[in-house]
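# Fold and geometry: a report
Chain residues, written in single-letter form:
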Amino acid sequence: MVNNKQVYSIEVLCRGKYESWEFEKEEERDRFYESVKKKFADHAFEQEPTDVEDTEILQLSANSMHIDDEGEVDQKMRYDWFHYDSFGDMLSYINGQYKNK
């Protein structure tokens, strides 16, 4: 019996606060992730911020995790970084769009 499990999620991490949303299909998650990035493009860092305080950064990530029958985990993540001031708006947007997906 095959018990492989796939988990596709979007995660937001900011100032110790963490939220995540799961999707059944990777393609669905990818479309949603890109819509969030596009919506908040004016709040994004162009590259990974290295000279900014962690408390001023919001991390948006897309996580793809595969767990095989033996419990081995293969995980791939991609990240984008945004200014902290978009946190509330981004959560509201994601929650509203996620409910309507």
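Presented here is a report on the structure given in the accompanying data block.

The rules behind the values
- Residues numbered from 1 in each chain as written.
- Predicted model: local features only at pLDDT ≥ 70, side-chain atom pairs only at ≥ 80, totals over all residues.
- Heavy atoms only, no water.
- Helix = DSSP H or I, 4+ residues; strand = E, 2+ residues; numbered from the N terminus.
- Expected span 1.5 Å × (residues − 1).
- Contact = heavy atoms within 4.5 Å.
- Buried < 20%, exposed > 50% of the residue type's maximum accessible area, 1.4 Å probe, protein only.
- Polar contact = N/O pair within 3.5 Å; in protein donor to acceptor, adjacent residues only side chain to side chain.
- Pairing = 2+ DSSP bridges.
- Axes fitted to C-alpha atoms, helices over the stretch in contact; angles between N-to-C directions.
- Phe/Tyr/Trp six-rings, centres within 6.5 Å; stacked < 30°, edge-to-face > 60°.
- Lys NZ or Arg CZ within 6 Å of the ring centre and 35° of its normal.

Our next topic: helix α1 (residues 26-39). Residues three or four positions apart in an α-helix share a direction because the helix packs 3.6 residues into each turn. Its 14 residues give α1 an end-to-end C-alpha distance of 20 Å, which sits within 8% of 20 Å, the value for a rise of 1.5 Å per residue. For α1, the secondary structure elements touched by its buried residues are β1 (5-14), β2 (17-23), β3 (57-67), β4 (73-83) and α2 (87-99).

Quick look at the side chain of arginine 29 now. One can find arginine 29 in helix α1. With relative accessibility at 3%, the residue arginine 29 sits in the buried group. A polar contact is formed between the side chain of arginine 29 and the backbone oxygen of asparagine 63, at a distance of 2.7 Å. Of the polar contacts made by the side chain of arginine 29, one reaches the side chain of serine 64; its length is 3.0 Å.

With that settled, the discussion passes to the sheet that holds β3. Strand order in the open sheet made by the four strands is β2-β1-β3-β4, with antiparallel pairing throughout. Taken across any chain shown, the strands that pair with only one partner, and hence form the sheet edges, are β2 and β4. Neighbouring strand axes in the sheet, compared pairwise and without regard to direction, differ in orientation by 20 degrees on average. Relative to β3, β1 is paired through nine bridges, and the arrangement is antiparallel. Paired with leucine 13 across the bridge in β3 is glutamine 59. Running over the sheet, α1 touches β1, β2, β3 and β4 and is turned about 175 degrees from β3. α2 contacts β1, β2, β3 and β4 of the sheet and is inclined by roughly 20 degrees relative to β2.

Another point: the packing of aromatic side chains. In the structure shown here, the tally under the stated rule is six aromatic pairs. Among the aromatic residues, those joined into a ring-pair cluster are Phe23, Phe32 and Tyr98. Stacked on the ring of tyrosine 84, the Lys or Arg arginine 15 has its end atom at 3.4 Å from the ring centre.

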